[in-house]
Each structure stands twice: as C-alpha cells, then as structure tokens.
Amino acid sequence: EIANPECKEKLTLIKQVKKGLNKLYKKLSKAKEVLNKDGRPRQNSQKERVGDAVKEQETRLESLKEEKRNLPEKINVSTLQDYKSFRRIDNEGKYLFDFVTTSVWNARKQMVDWLRPFFNEENELVDLFYAITNCHGWIKCTRNKVIARLEPLQQPKRRLAQEQLCRKLTSLGAKTPSGKRLIIEVGKVPT
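Residues numbered from 1 in each chain as written. Predicted model: local features only at pLDDT ≥ 70, side-chain atom pairs only at ≥ 80, totals over all residues. Heavy atoms only, no water.

(A) Main features of the nonpolar core. Ranked by size, the top nonpolar core spans 16 residues in total, and within it Leu115, Leu128 and Ile132 carry the most contacts. If you list the elements that add at least two residues to this core, you get α3 (92–115), α4 (125–133), β4 (145–150) and α5 (156–171). Ignoring anything within four residues of it in the chain, the contact list for Leu128 reads Leu115, Phe119, Leu153, Arg158 and Ala161. Within the second largest apolar cluster, 8 residues are counted, among which are Ile14, Val17, Leu21 and Leu61. (Core = buried A, V, L, I, M, F, W, Y, C linked by side-chain atoms within 4.5 Å. Buried < 20%, exposed > 50% of the residue type's maximum accessible area, 1.4 Å probe, protein only. Helix = DSSP H or I, 4+ residues; strand = E, 2+ residues; numbered from the N terminus. Contact = heavy atoms within 4.5 Å.)

(B) Structural context of the side chain of Asn4. Tracing the sequence through the fold places Asn4 in the loop between β1 (2–3) and α1 (5–30). Polar side-chain contacts of Asn4 include one of 3.1 Å to the backbone nitrogen of Glu6. If we ignore the near neighbours within four places in the chain, the residues touching Asn4 are Leu71, Pro72, Glu73, Lys74 and Ile75. (Polar contact = N/O pair within 3.5 Å; in protein donor to acceptor, adjacent residues only side chain to side chain.)

(C) Representation of the side chain of Thr170 within the structure. Relative to the elements of secondary structure, Thr170 occurs in helix α5. Judged by its relative accessible area of 14%, Thr170 falls in the buried class. Every residue in contact with Thr170, bar those within four places of it in the chain, is listed here: Arg181, Leu182, Ile183 and Ile184.

(D) Expanded view of the packing of aromatic side chains. The full count for this structure, using the stated rule, is 1 aromatic pair. Across the ring face of Phe119, the terminal group of Lys157 is positioned such that the distance to the ring centre comes to 5.7 Å. (Phe/Tyr/Trp six-rings, centres within 6.5 Å; stacked < 30°, edge-to-face > 60°. Lys NZ or Arg CZ within 6 Å of the ring centre and 35° of its normal.)

(E) The pairing of β4, seen in detail. The pairing of strand β3 (residues 137–141) with β4 spans 5 bridges and is antiparallel. Paired with Ile139 across the strands is Ala148, a residue of β4. Taken together, β3 and the strand that follows it, β4, pair antiparallel across an intervening segment of 3 residues. Where β4 and strand β5 (residues 181–186) come together, 6 bridges link them in parallel fashion. Opposite Val146, over in β5, you have Leu182 as the bridge partner. (Pairing = 2+ DSSP bridges.)

Below you can see the structure in the form of structure tokens.
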C-alpha cells in the first residue's frame, strides 16, 4: 500500500482555489458599491461580479474538499494500471564507494605525513603533494620491474621533497599483481 496520489492532487487543487479565493476576498473588500439614480444597486457592477466569482469558487472548494474526504488515504498498488514499483537500491555499492573514498583520503594523509620531514612549509604541504601527484611522467616495463619516472619540480626545495617521497614509496617494495617490482623516481625524459 502507498499514499493515494489522488489525495495529493486534490490537496494541491484545494490550495490553489484557496489562494484564488483570498485574492477575490481582497478584491471584494476593495470594490465599491455602485448605485443607480434611484438608489438600487447596479446590476453587473464590479462588486456583484466579484461576489458571484467568490460564490462560485467557494462552491468549487467545498466540492473538492468533499471529493478528497471520499478518497481513501492509502491504496493498494496492485489495483493501479502500469504501476512499476521502485526497486530497493542495494547499499553495498555505496559502502564500497565509501570504503574506497576513505582509503584514498587515508593514503593521501599518510603520504603528506611522509613529506613533512623533507618540507618545512606546513601550509604548503598538501599543495606540494598535489603538485607531485599531478606531475607528468613516463613508465617503462622490464621483465621484473615497472619504473615510473616523474618530471622534476622546478623549485629545488620542492624537488628535494619530491625525490625523498619517491624514494620512500620505492622502499615500500610494492609489487604489481604480476609480481614486478614498482620503482618510482624523479628524472628527465628517458632516452
């Protein structure tokens, strides 16, 4: 069972009619009574037209309220034609995404911590890490190792920190799934 969508539609219509009625009430209060020479109210005056419109909208409002009262609060979806229920989303994908995101942030924090002893500008440390990771580079594969060479940063202080980080990463002894050793270094274009 779900909340009856027709109830929501009727509620929206009721709100629209009430809003229109409020405008008509204001208009009616501002409309002046126009009289004929003999003192009788004039036919088809603005006040009379607005009054008729108010009566018409009040009748419509009452009929909408009555229709809404007669509608069931909840309905069984099996009675609806061409109804396709929402499929429940499995949270495993979200959990995996959150796990990977957390792992990436933790790895970034760890590498920034490894950079800290080689670069004493604390407020530029994260920027330096991103500068290093965004460097262009080259990859060379041999039978038993994969060499990743990054282009050197221009400032000597930053380049020294970059080289030290690359040495630290190489010293971890990371291997590819095929068993090749991963070597990360800083240098010029390979020939």
